[in-house]
Amino acid sequence: MRYVDNKGNFAPNNIVVDGMLVINPTAEQYEKVGYMPYIEPMLTEEELLNQAIENKVDEIKEYDKSPAVNSFKLNGMDAWINREDRIGTRRAIELDKVNGQTESDIWLNGFLLRVNCDLALQLLDAVGHYAYKAYNCTQAHIHAVRELKSIEDVQKYDYKVGYPEKLDLRTM
């Protein structure tokens, strides 16, 4: 428990009691020299609503990062490739094409896939489009929650709806 003086200043960890320096004083020692227990002020309805909104927004952001959103099926296997890796993989495939190759080696979730370059670019486009639609859904949920006017509405808000259908992609 923390203690404060009559002006609301927090008590230090070292105080003088009966002329002796006390390190990490007890409750009795704090109270003997005039400190009182600090009681957290009650939050206003608006502060409680804002806290509920921020908690819900955090939940939405965590859900957005989860496999519930960030995954697709590739040849029956769950997979995901983040934006940076999609950009890098696209560039590598484009370089393969420029150098006359018709297939590219792509590593995904620890597996090597040899894929036709044009098909690989189409698959990356599909994943990129899915990710863009999922991002828009997440942002719409965050916006909707920030517009809510009651804690009850915030608590019951279902942010898991409206996401695009998961992709089921094939390389063959």
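Up top is the structure these notes are about.
1. Some remarks on a nonpolar patch on the surface
Where nonpolar side chains cluster on the molecular surface, the patch consists of V16, L21 and I23 and spans about 330 Å² of accessible area. Locating L21 in the fold gives a position in strand β3 (residues 20–23). Given a relative accessible area of 59%, L21 falls into the exposed group.

2. Here's the deal with the nonpolar core
The biggest cluster of nonpolar side chains holds 34 residues, and the ones touching the most others in it are F72, L74, I93, L108, V145, V154 and L169. Put simply, the parts of the chain that give this core at least two residues each are α2 (45–65), β5 (72–74), β7 (103–108), β8 (111–116) and α4 (117–147). Of the residues forming this core, the biggest block, 11 residues, is contributed by α4. Core analysis: the second largest hydrophobic core is formed by seven residues, Y3, A11, V17 and Y30 among them.

3. Looking at the side chain of D64
As for its position among the elements, D64 is in helix α2. When residues no more than four places from it in sequence are discounted, the contact partners of D64 are V69, N70, A134 and T138.

4. Describing the packing of aromatic side chains
Taken as a whole and judged by the stated rule, the model has seven aromatic pairs. On the basis of an interplanar angle of 85° and a centroid distance of 5.7 Å, the ring pair of Y30 and Y35 is categorised as edge-to-face. Taken individually, Y30 and Y35 each receive the classification buried, so the pair is uniform in this respect. Look at Y63 and Y159: their rings are 5.6 Å apart centre to centre, the planes differ by 70°, and that puts the pair in the edge-to-face class. In this pair, Y63 sits in helix α2 while Y159 sits in the loop between α5 (151–156) and β9 (168–169), placing the two residues 96 residues apart along the sequence. Among the aromatic residues, those joined into a cluster by ring pairs are Y3, Y30 and Y35.

Rules of the game
- Residues numbered from 1 in each chain as written.
- Predicted model: local features only at pLDDT ≥ 70, side-chain atom pairs only at ≥ 80, totals over all residues.
- Heavy atoms only, no water.
- Patch = residues over 30% accessible without salt bridge, like charges linked within 9 Å, V, L, I, M, F, W, Y side chains within 5 Å.
- Areas by Shrake-Rupley, 256 points an atom, 1.4 Å probe, with all protein chains shown as cover.
- Salt bridge = Lys/Arg side-chain N within 4 Å of Asp/Glu carboxyl O.
- Helix = DSSP H or I, 4+ residues; strand = E, 2+ residues; numbered from the N terminus.
- Buried < 20%, exposed > 50% of the residue type's maximum accessible area, 1.4 Å probe, protein only.
- Core = buried A, V, L, I, M, F, W, Y, C linked by side-chain atoms within 4.5 Å.
- Contact = heavy atoms within 4.5 Å.
- Phe/Tyr/Trp six-rings, centres within 6.5 Å; stacked < 30°, edge-to-face > 60°.

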